[in-house]
Amino acid sequence: MGKIAYLFPGQGSQSVGMGQDLANKYENVKEIFLEADHALQDSLYELIMTGPQESLTLTTNAQPALLTTSIAILQKVKEYHIEADFVAGHSLGEYTALVAAGSLSFRDAVQIVRKRGEFMEEAVPNGQGTMAAILGMDAEKLTEITNEVTETTGSVQLANLNCPGQIVISGTREGVEKACQLAKENGARRAIPLEVSGPFHSRLMESASQKLKEVLDKHNFSSAKTPVISNVTAEPVTDADQIKDLLIKQLYSPVRWEESIRTMMDLGVDTFIEIGPGKVLTGLVRKIDRKAKIYNIFDEASLIKTVEQLRGDNE
């Protein structure tokens, strides 16, 4: 029997009504949403359930909303005693992974990511930074292009190394546009501008990381009971101080997602369970390794289906 990893989605997976069927049916799930409201002194639950989508998509709302919904769904998953050997989350999702691993309390995590969202939005004035997905180019060639553009046009870096042939770049609007142009001229299949409110995981986020450090220092981190695969290193981490240090670096460092999945596979993981709204990570894992067993839990029907399939696999 291979090992199991939980995966938690990042910003972009949010949608109005996420987690609603479980919250309506189970008091212990709804309590997670209400605990977030209490921690933030805000009506996040109402925003998640009724929208509008534009408000939910704002970084300061999307981050706590996604963390809360994923933890609420995890609450139900735990009742079926599906234990994870490793946990990982994409960008914001790493905070959800830390709650799942027992390194951070849910209340602390939701307060931290609300602040994280604020700092990310404040770091670069709206419209001055952006991101784009580059399809069909390797990281080495793309790094050459972004380095050249940073020197000549405007700051731009690799932000998300998601799966083979899919890398997101991030930086100033001018830098990203120029890098997209050069990438296509040098053989990239496509360059797709992303609808984001800032240049996340780029050097332009360094000012936000300093503010984040001050917030992290006010909260209590424990050693993780389950190893967490860090976005920054793509390696397992359990030490509380190291976790905190890597979260600060995470804001301006690339998310090494493909490497993170391959690390877990090398450590014996053959089953990945994406817990939370959307199916983004499910799709990425499939592109990394078609043989991996991947399940996706976002509501009650998908939970029951996953449990039945896992039991079938183990018989």
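Computed from a predicted model, the values in this text were never measured in an experiment.

Undergrad: Tell me about the environment of Ile-73, and please be specific about residues and values.
TA: Take Ile-73: it is sitting in helix 5 (residues 59–77). For Ile-73, a relative accessible area of 2% translates into the label buried. Distance from Ile-73 to Lys-211, taken between C-alpha atoms, is 30 Å for residues 138 residues apart in sequence. Not counting residues within four places of it along the chain, the set of residues in contact with Ile-73 comprises Leu-22, Ile-275, Gly-276, Ile-297 and Phe-298.

Undergrad: Run through unusual backbone geometry, naming residues and quoting values.
TA: Glycine aside, negative phi is the norm for most residues, and most peptide bonds take the trans geometry. Residue Pro-52 is bonded to the preceding Gly-51 through a cis peptide linkage, with omega at 10 degrees. Considering the arrangement of structural elements, one finds Pro-52 in the loop between helix 3 (44–50) and helix 4 (53–57). Of note, the phi angle at Gln-41 is positive, near 55 degrees, even though the residue is not glycine. Its location among the elements puts Gln-41 in the loop between helix 2 (27–40) and helix 3. Phi at His-201 is positive, roughly 55 degrees, even though this residue is not glycine. Topologically, His-201 is positioned in the loop between strand 6 (190–193) and helix 10 (206–216). A relative accessible area of 3% places His-201 in the buried class.

Undergrad: Lay out the pattern of salt bridges in plain terms, naming residues and giving numbers.
TA: Under the defined criterion, the tally for this structure stands at 12 salt bridges. A salt bridge links Asp-42 to Arg-114, with the shortest nitrogen-to-oxygen separation between them at 3.2 Å. In this pair, Asp-42 is assigned in the loop between helix 2 and helix 3 and Arg-114 in helix 7 (residues 106–123), connecting sequence segments 72 residues apart. Judged by its relative accessible area of 14%, Arg-114 is buried. With a closest N to O distance of 3.8 Å, Asp-270 and Lys-293 form a salt bridge. Here Asp-270 is found in strand 9 (residues 269–275), whereas its partner Lys-293 is found in strand 10 (residues 293–297), with 23 residues between them in sequence. You can call Asp-270 partly exposed: its relative accessible area is 27%. Each of the salt bridges in this network shares a partner with another, and the network as a whole consists of Lys-213, Asp-217 and Lys-244.

Undergrad: Outline the pairing of strand 3 (residues 129–135), supporting the account with residue identities and numerical values.
TA: Within strand 3, 7 of the 7 residues are buried, which leaves the element mostly enclosed by the surrounding structure. Of the pairings in the sheet, the one linking strand 3 to strand 5 (residues 166–172) comprises 7 bridges and is antiparallel in character. Residue pairing for strand 5: Thr-130 is matched across the bridge by Gly-171. For strand 3 and strand 6, the ladder comprises 4 bridges, and the chain directions are antiparallel. When the sheet's bridge partners are listed, Ala-132 is paired in strand 6 with Pro-193.

Undergrad: Which residues make up a positive patch on the surface, and what are the values?
TA: On the surface, a cluster of positive charge is made up of Arg-189, Arg-190, Lys-279, Arg-286, Lys-287, Arg-290 and Lys-305. For Arg-189, a relative accessible area of 60% gives the class exposed.

Undergrad: Outline the nonpolar core, listing residues and values.
TA: Judged by nonpolar contacts, the single largest core of 72 residues is most densely connected at Tyr-6, Val-77 and Ile-273. Among the elements that line this core, the one with the most residues is helix 5, at 8 residues. Setting aside chain neighbours within four positions, we find Val-77 in contact with Tyr-6, Ile-82, Ile-275, Ile-297 and Leu-303.

Undergrad: Could you give me a rundown of helix 9 (residues 173–185), with the residues and numbers involved?
TA: Its 13 residues place the ends of helix 9 19 Å apart at the C-alpha level, agreeing with the 18 Å of an ideal helix rising 1.5 Å per residue. Every buried residue of helix 9 is accounted for by Gly-175, Val-176, Ala-179, Cys-180, Leu-182 and Ala-183. Looking at the buried residues of helix 9, the elements they touch are strand 3, helix 8 (139–152), strand 4 (156–163), strand 5 and strand 6.

Conventions used here
Every chain begins its residue count from 1, and numbering advances along the sequence as written. Local features are withheld for residues below a pLDDT of 70 in this predicted model, meaning they are given only at 70 or higher, and side-chain atom pairs are given and counted only at 80 or more; totals for whole chains, interfaces and linings count all residues. Each side-chain value is worked out from all heavy atoms of the structure, with water and hydrogens disregarded. Only DSSP runs of H or I with at least four residues qualify as helices, and only runs of E with at least two residues qualify as strands; both kinds are numbered from the N terminus onward. Exposed residues in this analysis have more than 50% of their type's maximum accessible area, buried residues have under 20%, and partly exposed residues fall in between, with area computed by a 1.4 Å probe over protein chains only. Whether two residues are in contact is decided by their heavy atoms: any pair within 4.5 Å suffices. Salt bridge, as used here: a side-chain nitrogen of Lys or Arg that lies within 4 Å of a carboxyl oxygen of Asp or Glu. Strands are labelled as partners when DSSP assigns at least two bridges between them. Surface patches are drawn from residues lacking salt bridges whose relative accessible area is over 30%; two like charges belong together within 9 Å, two nonpolar side chains (Val, Leu, Ile, Met, Phe, Trp, Tyr) within 5 Å. The protein chains shown are the only cover counted for residues, whose accessible areas, like all others here, come from Shrake-Rupley with a 1.4 Å probe. His is not counted, nor are the chain ends; Lys and Arg add positive charge and Asp and Glu add negative charge. Each charge is placed at NZ for Lys, CZ for Arg, CG for Asp and CD for Glu. Only buried residues count toward a nonpolar core, which is a set of Ala, Val, Leu, Ile, Met, Phe, Trp, Tyr and Cys residues joined through side-chain atoms within 4.5 Å. Multiplying 1.5 Å by the helix residue count minus one yields the expected span of that helix.

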